[in-house]
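Each chain, letter by letter, is given below.
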Amino acid sequence: MPIRMLPETLVNRIAAGEVVERPAAAVKELVENAIDAGATRIDVVVRDGGKSLITIADDGCGMTPDELALAVERHATSKLPSDDLLDIRSLGFRGEALPSIGAVSRLTITSRPRGADSAWSLLVDAGSKGTPQPAALAQGTRVEVRDLFAAVPARLKFLKAARTEFEHISDCIERLAMAHPGVAFTLADDARSALRLSAAQGDLLDARLSRLGALMGRDFQDNAVPVQAAREAVTLAGWIGLPTLHRPTARHQHLFVNGRPVRDKLMVGAVRAAYADFLPRDRHPMLALFLDLDPQEVDVNVHPAKAEVRFRDQGLVRGLIVGALKHALAEAGHRASTTVGLATLGALRPEPEEPGTQPASPLPYRNPVQSWGGSYGSSVPRGLADRAAAFQAPLPPLQGRLAGWQAAPAARPPEYAPPTASAPPLDAHPLGAARAQVHNTYIVAQTTEGIVIVDQHAAHERLVYERMKAALLDGGVKRQALLIPEVVELDEPSANRLLTRAAELAELGLVVEGFGPGCVMVREVPALLGQSDVKSLVRDLAEELAELGDALSLKERLEDVCGTMACHGSVRAGRTLGIEEMNALLRQMEATPHSGQCNHGRPTYVELKLADIEKLFGRR
Ligand SMILES: Nc1ncnc2c1ncn2[C@@H]1O[C@H](COP(=O)(O)OP(=O)(O)O)[C@@H](O)[C@H]1O
Ligand SMILES: [Mg+2]
């Protein structure tokens, strides 16, 4: 067979296969064009999930008839003025979208540049290009794509149901809308409007939060903490959810590089690393992060749909993300998400009876702890969540609220002092004044606005972990010598395992020595455990070590080790606590970063506002 040059329509159709694999991809390209054109509002209407019709209208700079004719040519772009592929400041640059879409649909572009006295329109029908005709349009550009893929039946066959294609379109507009909060967007499906976003006001950080709230939900808006950091010429900004607001998939993680939504392994990995301490492996935080850097520092030309990027200095980007996220989460201190209290209320509140159904059991109590496995949202009755959202204001930053109250230094419980005349009353603290302990497991505290219930064991486990981490960074965990060294009998392999790790254990505050075959002698224990049952602590640790194997250092498995140690500390579940001990625990929680959730992403406390409680009893 002879070699030949392919005709241009075929070349465009092949290229279209990469650029527009489905209606959402065409929408993405066209919305990006509108953003690049400086639009302040973009209206999208689709029919049949975009298969029979897509229209996109913008109020951007528009095109003259000559520009129109050029725009639909392959590799024609206004966005590379200096021919420098390493200096891309727009979303587009490949000059491929319009010719590709025109090759596989009936494409009509109508446009009127700012200040021009008339509009022009151009039709490209399955690759054959017409000439610009006078048309009517007030301002900007209106692009209409009819019968996408009608000329490519093979591609048409691979499209999904209209509803699925519509979801893809909506996802793609949402992502672009997150990155451009100053632009108003609407999306309508023939009959109904699916998305209506007005231009967000305020400085960029606030504008982003309100745009994100509109797209990711009120829960996110109420439970997100801001991130703002820079290293060299790279800046990172955005909003990240508290660890207690987790989800089963990473679908709610939105990453952007220079205003472009991306999927990027490096960034995803950095996010995972930053949350690793607070979430189990199979749960994912909600967040939106915007990375901005000099175009020279990132290659965006590595993917036909521009969804992937490559950073020149990967270490810098990773370090920036991990550091900034950890810092932001530490600033959030002991805050647990407001959804925790709501989920609890949802579980407590009798469900409204549907007329005609059997009356529900008198107290449809669901164990709130068990429901953490699922998404919180699902366990919260809608009406309640909405109503409660109105007054569930997020806690102000911890630092401010604790001002005047000296945080206890790590590894030393604060001395409890009865309130003096000048000290604020205990219940003015975020976690309030302890009032009672119930079932030897939960502390009930009164705050000015309601009550707080603390899972003493989960809280203590978290405190031990955070303090050990801090102490390790600060030259080792403080130890407390036992008056009489304790001899613990084990089996030989267990004793040996402990003794080979003796140096590491000493760093964690536990000093063991050999004491004949199968026995160890414990001389010192971590001070922060308080009075603990040394024998069972050592036995459990030996078991923990057997499970760990020798591959990892104890520091790498600190979470597990601390969990085991905390189980034997003075505050474990089932231990009776005095009021002073309880208050000391609450104050420690307030002073400890990340104490709002235990090592497995479960909350360590829930807060019920008085107004919520009143609602439960029908007082409101
Ligand atoms: N909505 C629009 N408003 C103004 N100009 C547009 C619009 N859409 C496309 N253009 C012009 O057409 C050119 C080609 O668009 P496209 O094929 O998407 O390639 P690219 O965006 O990569 O430049 C753009 O560079 C731009 O100059
Ligand atoms: Mg483009």
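Quantities reported herein were computed from a predicted structural model and do not represent experimental measurements. (Residues numbered from 1 in each chain as written. Chains lettered and ligands numbered in written order. Predicted model: local features only at pLDDT ≥ 70, side-chain atom pairs only at ≥ 80, totals over all residues. Heavy atoms only, no water.)

Enquirer: Quick question: what am I supposed to make of the pattern of salt bridges here?
Expert: Evaluated as defined, the whole model comprises 23 salt bridges. Close ionic contact of D277 with K469 constitutes a salt bridge, the shortest N to O distance being 2.6 Å. With D277 in the loop between helix 9 (265-275) and strand 15 (284-285) and K469 in helix 15 (residues 456-473), this residue pair connects regions lying 192 residues apart in the sequence. Salt bridges here are not isolated pairs; linked through shared partners, they connect D277, R462, E466 and K469. (Salt bridge = Lys/Arg side-chain N within 4 Å of Asp/Glu carboxyl O. Helix = DSSP H or I, 4+ residues; strand = E, 2+ residues; numbered from the N terminus.)

Enquirer: Got a minute to help me understand the site of ligand 1 in this structure?
Expert: Close contacts around ligand 1 come from 20 residues, with N33, T77, S78, K79 and G95 the closest. Side-chain polar atom of D58 to a nitrogen atom of ligand 1: 2.9 Å apart, as the coordinates give it. In this structure, an oxygen atom belonging to ligand 1 sits 2.8 Å away from a main-chain N or O atom of G95. Relative to its unbound accessible surface of 530 Å², ligand 1 loses 93% to contact with the protein. (Near = heavy atom within 4 Å. Polar contact = N/O pair within 3.5 Å; in protein donor to acceptor, adjacent residues only side chain to side chain. Areas by Shrake-Rupley, 256 points an atom, 1.4 Å probe, with all protein chains shown as cover.)

Enquirer: Is there a simple way to explain helix 10 (residues 314-331) in this structure?
Expert: Residues spaced three or four apart along an α-helix face the same direction, because each turn holds 3.6 residues. Taking 1.5 Å of rise per residue, the 18 residues of helix 10 would be expected to cover 26 Å, and the 26 Å separating its terminal C-alpha atoms lies within 8% of that figure. Among the residues of helix 10, L316, V317, L320, I321, V322, A324, L325, A328 and L329 are the ones counted as buried. The elements touched by buried residues of helix 10 are strand 10 (224-231), strand 11 (234-241), helix 9, strand 16 (287-292) and strand 18 (310-311). Positioned one or two residues after helix 10, G333 has a phi angle of 55 degrees, which is positive. (Expected span 1.5 Å × (residues − 1). Buried < 20%, exposed > 50% of the residue type's maximum accessible area, 1.4 Å probe, protein only. Contact = heavy atoms within 4.5 Å.)

Enquirer: Would you mind going over the sheet that holds strand 24 (residues 519-526) with me for this structure?
Expert: Within a sheet, adjacent strands bond to each other through the backbone by hydrogen bonds, running parallel or antiparallel. The strand order across the open sheet built from 3 strands is 22-24-23, with neighbouring strands paired in antiparallel fashion. A strand with exactly one partner marks an edge of an open sheet, and here the two such strands are strand 22 (479-489) and strand 23 (511-514). Taken pair by pair, the neighbouring strands of this sheet meet at an average axis angle of 20 degrees, ignoring direction. Here strand 22 runs beside strand 24; their pairing, made up of 7 bridges, is antiparallel. Bridge pairing links E489 to C519 in strand 24. (Pairing = 2+ DSSP bridges. Axes fitted to C-alpha atoms, helices over the stretch in contact; angles between N-to-C directions.)

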